[in-house]
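Chain residues, written in single-letter form:
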Amino acid sequence: QEGGGGGDGSGDEDCSMEGLSFVGISFSVNTANGSPYSYQLCDQFPMENIIDRDYDYVMSMDEDGWLVGGGYKSFDYSGKMPYIDSSHTELLRVGSMDPDRGGTSIEQVYSAMSSVSFTPFSVFPEYLKGGGGHNSGDDGDDDETPSSDVTFIVSIVESFNDNDSYSDYDSFLDQLFQAMDDVGGGPCMDDHDTDPHVSMARGVKFHSSYHSEQYMYAANLEVAVWQSMYPNGVVIGSDRYASFPPGTRTQKSYVGYGSLYFFFDRANITQVFGASRSLTDDESYYATLYKGSDVSGFYSDTTDVDFNYGGGSGDQGEWEHNPYAWKATSAMHDMTDGWDLPPNCKQEGETFLGIPLSRQSDSKMQTSSTFQTQFALENFIDRNYTYVNSFGTNHGWLIGESIGNAVGSIVDKDTAHIPLFYTGTTNSNMGGISLSNLIKVVKSIQFGNLYIKPAFVFIDDNGHLKLQFEADSNSAMGYLYDNLCKELGIMWNYNSPENNYGLYTNCAMHSAGDRAAYGCGPENSNSGGFCPQMTIAYSVKFNSADYAAAYLTMANDYVDYWRSLYPSGVAVGTSSFCSDGGCLGLYLNRYDLYSVFKPDLGGSWVEYNGASMAPTMSPAPTWYGGCSEPHNQHLDKCFQMKSRAARATSIAWDSLGHVGQASVFLVTFMATTLAFSLFLSRARKKKKKSESYLGFFLRDTFKIKKKRKKKRKRSRKMKNFRDDKSRNSRSSRSRSGQSRSKSKQSRSKSRSGSSGKSRSGSSGKSRSRSSGKSRSGSS
């Protein structure tokens, strides 16, 4: 669970439902490598500096990855959930949002927070630690790498007014508790403050105990720099603008410094509450120090960690991940924990091939397409929480969650699916296979319509609620799994994968020697990775054992109905998505379906973010009829023919890139400022007394225009004068020619003399015509 308060609030017996909503401080940042939708609410702590996004130390984490440092993009190599940055520390756990179950409504929280005033609170960075959390590998299984959580500890700096023994923070908490009581806050709310901390990641597995220690030291060295920058703490905030909750189109408001936020769940801030006063000069200096000053001196001066942070990830002794202890059943993975990676794989990945089962989501914050109409999975959701009390993670119902859910689970769209084959990271430099190469191989695999038949709903060994499907090793789905293992599985027990393209991965969680016959189910050996299951929810906590039994009975009644409806199974689809049924999907992560493959080599298309689009790489049309054939509409060639060509100006602008575009803006700005400076210099010298700069500008502009007109008139007069002179000269030469023609005989007698006169008195034009004679006369 999240936060430092007790999960059941105050422990009052009237609280019958746990919850995750809270009031706290956000440390969210927006970074280049993170989600573009993350808020920038913390300019003081560069949280991306204390995470290992490049996997230098970390081997794997749960499916959420790093909860701080900017979040994740959809196409991240790791395949983590594409959430925004949700880093925060809780100040008050509100808990359940259902007043009928001992909770507090959103309106009551808003009313209470609006009635209290608080000064900006300073936060001091203490240290970063490991330990706690999932703790896989602690059950004596030496083959499994231990895992734990990573947590950043902070503290609220106590400030006191004159002659006051009670700090501003303590006074605020007293006011807040009283205000919550006044509005009728429920008993599920904590009756004490939390221990401030920031949950950074869960289920973290390092390559070894040495890597764990090295990461902890590097991260705490960064924290030591922050301590030197903020010796008395710092007020958290930003000079950016934002709108809440995420995704809304309301007008953005100024974030400011010292604000508190209400988190409906850790990924959804729904309201901001500003501090009662602005920052003092001293507070403002530190709050803007990192963003507004050169802090390189703090980094160069801080060379050691002078505080205790507890070493590595808990007290687990020395250990090292053994990739050769990997086994085929590793494909049956607990998604709330990190992976144990196979040999030569340097980075985890959540990318997988599976069968889409989601339908239009009831979520008001996310949308999902409908990929099947055969199973109404909504019937599995206990919306009224008759059977379910809470969940062990921040995720609620994975088959569709909505805002207003009483336990404060992350508001996800419907992500229902059956994972068949985890391909791992798409980073080829870390041992994986690129997305384009993966699509190329899968498009060449022929498989029949994928029929599925639900078997039963159950709770697995990790406490997750799942729907099991029949694992028929002789079905089209079993045949597909066999071929995926043969062509993309990792080399294991001397069995090597082979495909026509020679494209492989070291990070698939299935081996080349695995077969569907080794999978789960009554007729299989339970020693392989083939086990078609759909996860309904993680770590479900029921109100009691009797309620758990009642829920499973209710859910399996629906399964029995579907089994009678489809005695031989069914190939799922809709009239607009995979109309013939039985398609295979390529998921970037549990959230994003990216590419879809039709059975019997019927073609493929990109289906991303609720819309279809042309793939980035595709061959020429493979169906007869060219681009007029509907089956070929998804191909690049056909897509480009139907798309409007981009303008040459936009192409040229885009080709400049960010650096080139910035350079153009910079040069334009410099030229503008230079012209303005020259004008001011000229104006100071030549403008009249009491004349405004605008008046001088207009007078000088019209004066320049008048001078240009006079200059043009003089140039026309000079041109006319030269033309008249030229005509007079040609007329004189013409008369002289006539005179010479009448006296040929006398001219021939005195040729040399007249040649000399012609050279000295004639123009360049006549000189060129008599050049032969002149040369002969002077030779």
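Predicted model, so just to flag it, every value in this text is computed and none were measured.

This paragraph deals with the nonpolar core. Ranked by internal contacts, the top residues of the largest apolar core, which has 89 residues, are L357, L377, F380, W397 and I536. For this core, the element with the highest residue contribution is helix α8 (residues 476–488), accounting for six residues. Listed in part, the 67 residues of the second largest apolar core include M47, F121, V234 and V295.

Taken together, the side chains of W653, L656, V664 and F665 define a hydrophobic patch exposed on the protein surface, amounting to about 370 Å² of accessible area. With respect to the helices and strands, F665 occurs in helix α12 (residues 657–686).

The next subject is the state of the cysteines. Under the definition given, this model contains four disulfides. What pairs with C345 in a disulfide is C507, and their sulfur atoms sit 2.1 Å apart. The sign of the S-S torsion, about 110 degrees, decides the handedness of the disulfide formed by C345 and C507: right-handed. In this pair, C345 sits in the loop between α6 (296–301) and β12 (352–356) while C507 sits in the loop between α8 and β17 (533–537), placing the two residues 162 residues apart along the sequence. Accessibility classification places C345 together with C507 in one group, the buried group. Put simply, C520 and C531 are joined by a disulfide, and their sulfur atoms are 1.9 Å apart. Residues C520 and C531 are joined by a disulfide whose S-S torsion is about 100 degrees; by sign, that bridge is right-handed. Placement of the pair is C520 in the loop between α8 and β17 and C531 in the loop between α8 and β17, with a sequence separation of 11 residues.

To continue, consider α12. The terminal C-alpha atoms of α12 lie 44 Å apart, and with 30 residues this matches the ideal 44 Å at 1.5 Å per residue to within 8%. Buried within α12 are the following residues: G660, Q661, L680 and A683.

Turning to the confidence of the model for the protein chain, a few remarks are in order. Predicted coordinates in areas of low pLDDT are best not read in detail. Per-residue confidence for the protein chain gives a mean pLDDT of 84; residues scoring 70 or more make up 80%. When the criterion is pLDDT under 50, residues 1–11 qualifies, and its contacts beyond four places in sequence or with other chains add up to 41 contacts. Low pLDDT, under 50, characterises residues 611–621; the stretch is placed with 25 contacts to residues that sit more than four places away or in other chains.

Considering all chains together, one arrives at eight cavities of 30 Å³ or more under this definition. Residue lining of the largest cavity: 29 residues in total, with M335, H417, P419, Y422 and T535 positioned closest to the centre. Those elements giving two or more residues to the lining of the largest cavity turn out to be β14 (417–422) and β17. Counting residues per element, the lining of the largest cavity draws most heavily on β14, at five residues. Split into classes, the residues belonging to the lining of the largest cavity amount to 15 nonpolar, 10 polar and four charged.

Two side chains of opposite charge can pair, provided their charged atoms sit close to one another. Per the stated rule, a full pass over the model turns up 12 salt bridges. As a salt-bridge pair, E348 and K80 come within 2.8 Å of each other at their nearest N and O atoms. Here E348 is found in the loop between α6 and β12, whereas its partner K80 is found in the loop between β2 (58–60) and β3 (88–95), with 268 residues between them in sequence. In this structure, E348 and K80 share a single accessibility class: buried. Residue K466 is joined to D460 by a salt bridge in which the shortest nitrogen-to-oxygen separation is 3.3 Å. Across the pair, D460 and K466 agree in class, each one buried.

Looking now at the side chain of D334. Counting through the fold element by element, D334 comes out in the loop between α6 and β12. The buried charged residue D334 lacks any salt bridge partner; its closest oppositely charged side chain belongs to K466, at an N-O distance of 7.2 Å. Polar contacts involving the side chain of D334 include one to the side chain of T336, which spans 2.8 Å.

Spatially, four strands are ordered β3-β1-β10-β11 in an open sheet, and the strand pairing comes out antiparallel. Looking at the sheet topology across the chains shown, the edges are occupied by β3 and β11 (268–273). Between one strand and the next, the sheet's axes are offset by a mean angle of 30 degrees, whatever the strand orientation. Pairing of strand β1 (residues 21–26) with strand β10 (residues 260–265), which is carried by three bridges, proceeds in the antiparallel orientation. Considered in β10, the bridge of F22 is made with F263. Where helix α2 (residues 168–182) meets the sheet, it contacts β3 and β10, and its direction lies at approximately 25 degrees from that of β3.

Glancing now at the packing of helix α11 (residues 648–655) against α12. Taken N-terminus to C-terminus, the directions of α11 and α12 make an angle of 100 degrees; their axes are 7 Å apart at the nearest point. Judged by the inter-axis angle, α11 sits roughly perpendicular to α12. Across the interface between the two elements, W653, D654 and S655 from α11 touch G657, Q661, V664 and F665 from α12. Per-class residue counts for the contact of α11 with α12 are three nonpolar, three polar and one charged.

Before going further, it helps to spend a moment on the packing of aromatic side chains. Each aromatic ring pair is specified by the distance between its two centres and by the angle formed by the two planes. Summed over the entire model, instances satisfying the criterion amount to 38 aromatic pairs. Measuring from ring centre to ring centre gives 6.1 Å for F27 and F45, while their planes differ by 15 degrees; the resulting arrangement is stacked. Pair noted here: F27 is in the loop between β1 and β2 and F45 is in the loop between β1 and β2, with a separation of 18 residues, a long-range link. You'll find F27 and F45 in the same group, each marked buried. Among the aromatic residues, those joined into a ring-pair cluster are F27, F45, F152, W226 and Y230. In this arrangement the basic side chain of R53 is found over the ring face of Y72, its NZ or CZ atom lying 5.4 Å from the centre.

Criteria and cut-off values
Here the residue index of a chain counts from 1 through its sequence in written order. Residues qualify for local features only when their pLDDT is at least 70, as the model is predicted, and side-chain atom pairs are given and counted only at 80 or more; totals for whole chains, interfaces and linings, by contrast, use all residues. In computing side-chain values, all of the structure's heavy atoms are included and hydrogens and water are not. Throughout this description, the term nonpolar core refers to a set of buried Ala, Val, Leu, Ile, Met, Phe, Trp, Tyr and Cys residues connected via side-chain atoms within 4.5 Å. Partly exposed residues are those whose accessible area sits between 20% and 50% of the maximum for their type, while under 20% is buried and over 50% is exposed, using a 1.4 Å probe and protein chains only. Each helix is a run of DSSP H or I of at least 4 residues and each strand a run of E of at least 2, with the numbering of both proceeding from the N terminus. Patches were defined on residues exceeding 30% relative accessible area and lacking a salt bridge, with like-charge contacts within 9 Å and nonpolar side-chain contacts (Val, Leu, Ile, Met, Phe, Trp, Tyr) within 5 Å. Areas reported as accessible are Shrake-Rupley estimates using a 1.4 Å probe. Residue values count occlusion only from the protein chains shown. Here, a salt bridge means any Lys or Arg side-chain nitrogen found within 4 Å of an Asp or Glu carboxyl oxygen. The disulfide definition used here is simple: a pair of cysteine sulfur atoms within 2.5 Å. One less than the residue count of a helix, multiplied by 1.5 Å, gives the span that helix is expected to have. By definition, pLDDT measures how confident the predictor is in each residue, and it falls between 0 and 100. Throughout, a contact is declared for two residues whenever any of their heavy atoms are within 4.5 Å. Method remark: on a 1 Å grid restricted to protein atoms, a set of points is classed as a cavity if a 1.4 Å probe fits but cannot get out and as a pocket if it is open with protein on both sides within 12 Å along at least five of seven lines; lining residues have an atom within 4 Å of a point. Grid points are joined across faces, edges and corners, and a volume is the space filled by probe spheres set on the points. Under the grouping applied here, Gly and all other residues not named as nonpolar or charged are polar, the nonpolar ones being Ala, Val, Leu, Ile, Met, Phe, Trp, Tyr, Cys and Pro and the charged ones Asp, Glu, Lys and Arg. Note that His is not counted, nor are the chain ends; the positive residues are Lys and Arg, and the negative ones are Asp and Glu. Any N or O atom pair separated by 3.5 Å or less is treated as a polar contact, with the protein-specific requirement of one donor-capable and one acceptor-capable atom, and with residues adjacent in sequence counted only for side-chain atom pairs. Strand pairing is assigned whenever DSSP identifies at least 2 bridges connecting the two strands. The convention used is that axes are lines fitted to C-alpha atoms, helices contributing only their stretch in contact, and that angles between N-to-C directions extend from 0 to 180 degrees. When an angle is under 35 degrees it counts as roughly parallel; over 145 it counts as roughly antiparallel; between 65 and 115 it counts as roughly perpendicular; any other value is oblique. Only rings of Phe, Tyr and Trp enter the pairing, Trp through its six-membered ring, and a pair is recorded when the two centres are within 6.5 Å. The plane angle decides the type: under 30 degrees is stacked, over 60 is edge-to-face, the rest tilted. A ring is considered to have a charge above it if a Lys NZ or an Arg CZ atom is located within 6 Å of its centre and within 35 degrees of its normal.

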